[in-house]
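Next come the chains, spelled out residue by residue.
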Amino acid sequence: MTTSTRPPVAPAAERRTVVGHAIERAARMPRSIPVLVTLALIWAVFYSQSPFYLSFGNLTNLTLQIVTTAILSLGVVFVLLVGEIDLSSAALSGVCAAVAGTVVVTHGLPLAVGIATAVVVGMVVTFVEAQVIIFGVPSLIVTLGGMVILQGLLLVVLPEEFTISIAGTPLASLALTAVPAGASFALAAVGALAFAGYRTLLHRERTSTGSGGSVLRSVAAPSVAAAVGLFAVVFVLSRQRGLPLPVLILAGMLLVAWYWTTQTRYGTHLYAVGGDREAAQRAGIPVRRMVMYSFLVLGACAAVAGMVDSSRQLGVSATSGAGPLMLNAIAAAVVGGTSLFGGRGSVWSALLGSLVIGSISNGVQLLGLSTEVQFFATGVVLVLAVAVDVVLSRGSLLPGRR
Amino acid sequence: MDRDDRPGGEGPLLELTRISKHFGGVRALDGVDLTVSAGEVVALIGDNGAGKSTLVKIMSGVESPDSGEIRVRGRAVRLDSPRAAAEAGIHTVFQDLSLCDNLDAVQNLFLGHERCGPSWTGRRVRRHVMERQAQQILESLSVKLRSLSAPVSELSGGQRQGIAICRALISDPAVVLLDEPTAALGVSQRGEVLDLVDRLREQGRGVVVISHDIKDVQRVADRIVALRLGSKVAEFARDGYAASDLVGAMTGAHERHDDVRSEESR
Ligand SMILES: Nc1ncnc2c1ncn2[C@@H]1O[C@H](COP(=O)(O)OP(=O)(O)OP(=O)(O)O)[C@@H](O)[C@H]1O
Ligand SMILES: [Mg+2]
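These numbers were taken from a predicted model, which means no experiment stands behind them.

Procedures and definitions
- Numbering of residues starts from 1 in every chain and runs along the sequence as written.
- Written order determines the labels here, with chains lettered from A and ligands numbered from 1.
- Reporting in this predicted model follows two pLDDT cut-offs: at least 70 for local features of residues, and 80 or more for side-chain atom pairs to be given and counted; totals over whole chains, interfaces and linings ignore these cut-offs and use all residues.
- Hydrogens and water are ignored here; the side-chain numbers use all heavy atoms of the structure.
- A run of DSSP states H or I qualifies as a helix once it reaches four residues; a run of E qualifies as a strand once it reaches two. Both are numbered from the N-terminal end.
- Burial classification: accessible surface area is computed with a 1.4 Å probe over protein chains only, and a residue below 20% of its type maximum counts as buried, one above 50% as exposed, and the rest as partly exposed.
- Throughout, a contact is declared for two residues whenever any of their heavy atoms are within 4.5 Å.
- Here, Shrake-Rupley sampling with a 1.4 Å probe gives the accessible areas, and only protein chains in the shown set may cover a residue.
- Neither His nor the chain ends is counted toward charge; the positive residues are Lys and Arg and the negative residues Asp and Glu.
- Taken as the charge centre is NZ of Lys, CZ of Arg, CG of Asp or CD of Glu, depending on the residue.
- A 2.8 Å cut-off from the metal defines N, O and S donors, relaxed to 3.2 Å for Na, K and Ca; water is not in the atom list, so some sites may appear incomplete.
- Just so you know, the domain bounds were taken from an automatic or database domain assignment.
- We count a salt bridge whenever a side-chain nitrogen from Lys or Arg sits within 4 Å of a carboxyl oxygen from Asp or Glu.
- In the cavity and pocket records, a cavity denotes points on a 1 Å grid over the protein atoms alone where a 1.4 Å probe fits but cannot get out, a pocket denotes an open set with protein on both sides within 12 Å along at least 5 of 7 lines, and lining residues are residues with an atom within 4 Å of a point.
- Grid points are joined across faces, edges and corners, and a volume is the space filled by probe spheres set on the points.
- When residue character is reported, Ala, Val, Leu, Ile, Met, Phe, Trp, Tyr, Cys and Pro are called nonpolar, Asp, Glu, Lys and Arg charged, and the others, Gly included, polar.
- Side-chain rings of Phe, Tyr and Trp, where Trp is taken by its six-membered ring, are said to pair if the distance between their centres is within 6.5 Å; with planes under 30 degrees apart they count as stacked, over 60 as edge-to-face, and otherwise as tilted.

K.L.:
Hey, could you go over the overall build of chain A for me, with residue numbers and the actual values?
P.N.:
The helix and strand tally for chain A stands at 16 helices and 4 strands. Considered along the principal axes of its C-alpha atoms, chain A spans approximately 80 × 50 × 50 Å. Each of the 402 residues in chain A was classed as buried or not, and the buried ones make up 47%. Counting contacts in chain A only where the partners sit at least 6 residues apart, residues at least 24 apart contribute 79% of the total. A total of about 18900 Å² of accessible surface is found on chain A, and carbon and sulfur atoms cover 70% of it. Separation of charge centres in chain A, based on 22 positive and 13 negative side chains, amounts to 15 Å.

Structure (structure tokens):
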């Protein structure tokens, strides 16, 4: 385009632009595609070792195993999107579960009160963390300290025997409840119709401004694909006892998060803050408030994750929220394609990343391999994902960019 | 209200008096006055480090002055945040463009001024409306993009500059500040940007343009203000100067000996 006469030193520069173009093309491809390919590979490997791996029973198991990680990871995605990091939410999930357990089991209050209290506690904690971060302390430090404090707080909240048994209480029903197969197919139908309806709305809006494409490509094909996918998932997951409630909770949270981050003004501002804080600030976006919103979402996610997890484990103890949960949640977000540098990624990465990590550990356990294999495999996938992230978000800035 | 609020009214749109700003020991601005009237293009010139960008940042609410007064349409205002400046009707195209690399052209154009649905939809972004407006605005300034939905990190410097400038047309500001709007542009795009400045003036807005390029300044400015080391050293009305006067004022040759001016400016 610029017709300035360039000195003839092209070769090196040209080679670099070839690489640059390749990177740009890769960066433009939806980030979910490499993740789905990875997932397919993992499934293929384990399936070749044990056909039971892809049975209805094990797929349902796998899904239930990843729900906690995925919900927590969803909160982490929000924090990563605004360019912060969090290390405390797993510990927070333990505290929130203990709070819910105390309210519902120890004091015998209704389940709804317990859930509400836990969510409020989660959001208050992350609100405080967010204030310190906004004040200027790096989030890595704030949430590292927060993690240690919350581990102590868990011991304070728990009764003297350091466990709350949940079996037989309303809290246990969170994990035990399942929507019967018939009703779940009805739900899938509603979901598919809603998808088609929203697609139609978008298509109508586009045609009203003269930029609409064909109905087939923008409405019909995606709707059919979504319906097939939805019914397939419901079919697989409802084979045993019906569709488990935790899966529905995760799906609902993902949907709300998707709408909020991609369809609303707040979503755009969230990405803007993660992309370039100064530019966002200059555009009049309340940067601090957006950071705080992200942490509030994280607090709510941590509370829900904690309750779902304790309900599955039938108890809260001093080890709730400990173990690999925090690392898995962060790894899931990053493996799923959310950038550690902020501003890039999507809420789906929480689900996809958790599936990748969960599929590895599920397979390793199924084959009776040693835990080292699981750590090695998860570690390698994580490092690869971060490497891809660095190349895509930093590499695309290299050739001739300002 | 003894002042006329309409653009084109009596008083200046924007009036800065005795603005000073220090960064640590550096005196970036020292008692600078500046006025901008409706339908007027004021060019700010000066050497590197003269304080031009600092003055723009003060007018756009990014930095606050240590002392001095800012009046918008005769009313004293505190521009203590970019939002306050936007509300006062001042829009800025920054030297670094201030685009979000991860967002696409449409999102960047409307950033902070999104066209949204009602609150029950959670302020759903009306993307189709924004896309159409974006197309019109980009077209009117001859900014050519292959895709409106590619992240702006993939665009050329000129395209990015085009988007940054087009942003000035989204919020209907009274005053537009342009910090080196032509720096990254080729010859034809530069002409288009200067045409845009003319158009902003025709629309009755007040415009402040920072530029190093004497030719650009001569082409668009109604009035030229020269800064040097944080102070205003000269002011020229349209046609009331020669190019060498401008260079002299920028380099400081002017203040010392008039006869070495041509050698120093080369
Ligand atoms: N954030 C800051 N911190 C410290 N010093 C600063 C800061 N911003 C500007 N300065 C100083 O203030 C002075 C004026 O800088 P300014 O950016 O306004 O110059 P300018 O006229 O825009 O120059 P240029 O033509 O290079 O863009 C310089 O000496 C600069 O070093
Ligand atoms: Mg400058």
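K.L.:
Pulling in residues and values, what's your account of the coordination of the magnesium ion (ligand 2)?
P.N.:
All names here are of chain B. Taken together, S53 (OG) and Q95 (OE1) make up the full set of protein donors to the magnesium ion (ligand 2), lying 1.9 to 2.3 Å away. Here S53, found in helix α1 (residues 52-59), pairs with Q95, found in the loop between β6 (90-93) and α3 (105-109); they are 42 residues apart in sequence, far enough to count as distant. Looking at S53, the relative accessible area reads 19%, which means it is buried. Take Q95: its relative accessible area is 43%, and that puts it in the partly exposed class.

K.L.:
Break down the domain arrangement of chain A for me, with residues and values.
P.N.:
Looking at the assigned domains, one finds that chain A contains domain 1 (58-176 + 251-393) and domain 2 (181-237). Between the C-alpha centres of domain 1 of chain A and domain 2 of chain A there is a distance of 29 Å.

K.L.:
Residues and numbers for the pattern of salt bridges, please.
P.N.:
Residues and elements named next belong to chain B. All told, the structure shown has 23 salt bridges over all chains when counted by the stated rule. A salt bridge links E63 to K21; the nearest nitrogen and oxygen atoms lie 3.9 Å apart. With E63 in the loop between α1 and β4 (67-72) and K21 in strand β1 (residues 14-23), this residue pair connects regions lying 42 residues apart in the sequence. Between D101 and R160 there is a salt bridge, with its nearest N and O atoms 2.9 Å apart.

K.L.:
Let's hear about empty space enclosed by the protein: which residues, and what values?
P.N.:
One simple way to see leftover space: roll a probe sized like a water molecule over the atoms. Residue and element names in this part refer to chain B. Tallied over the entire structure, the rule returns 3 cavities of 30 Å³ or more. In this structure, the largest cavity encloses a volume near 110 Å³. If you go around the largest cavity, the residues you meet are L141, S142, V143, G158, Q161, G162, I165, L185, Q189, E192, V193 and L196. Of all the secondary structure elements, the ones that give two or more residues to the lining of the largest cavity are α5 (157-166) and α6 (187-202). Of the residues in the lining of the largest cavity, the class split is 6 nonpolar, 5 polar and 1 charged.

K.L.:
Break down the packing of aromatic side chains for me, with residues and values.
P.N.:
Given two aromatic rings, their pairing is described by the distance between the two centres and the angle made by the two planes. Residue and element names in this part refer to chain A. Across all of its chains, the model carries 9 aromatic pairs over all chains by this definition. An angle of 35° between the planes, with centres 5.2 Å apart, marks the rings of F46 and Y53 as tilted. Using a relative accessible area of 2% as the deciding quantity, one classes Y53 as buried. Aromatic pair F56 and F235: ring centres 5.6 Å apart, planes at 90°, arrangement edge-to-face.

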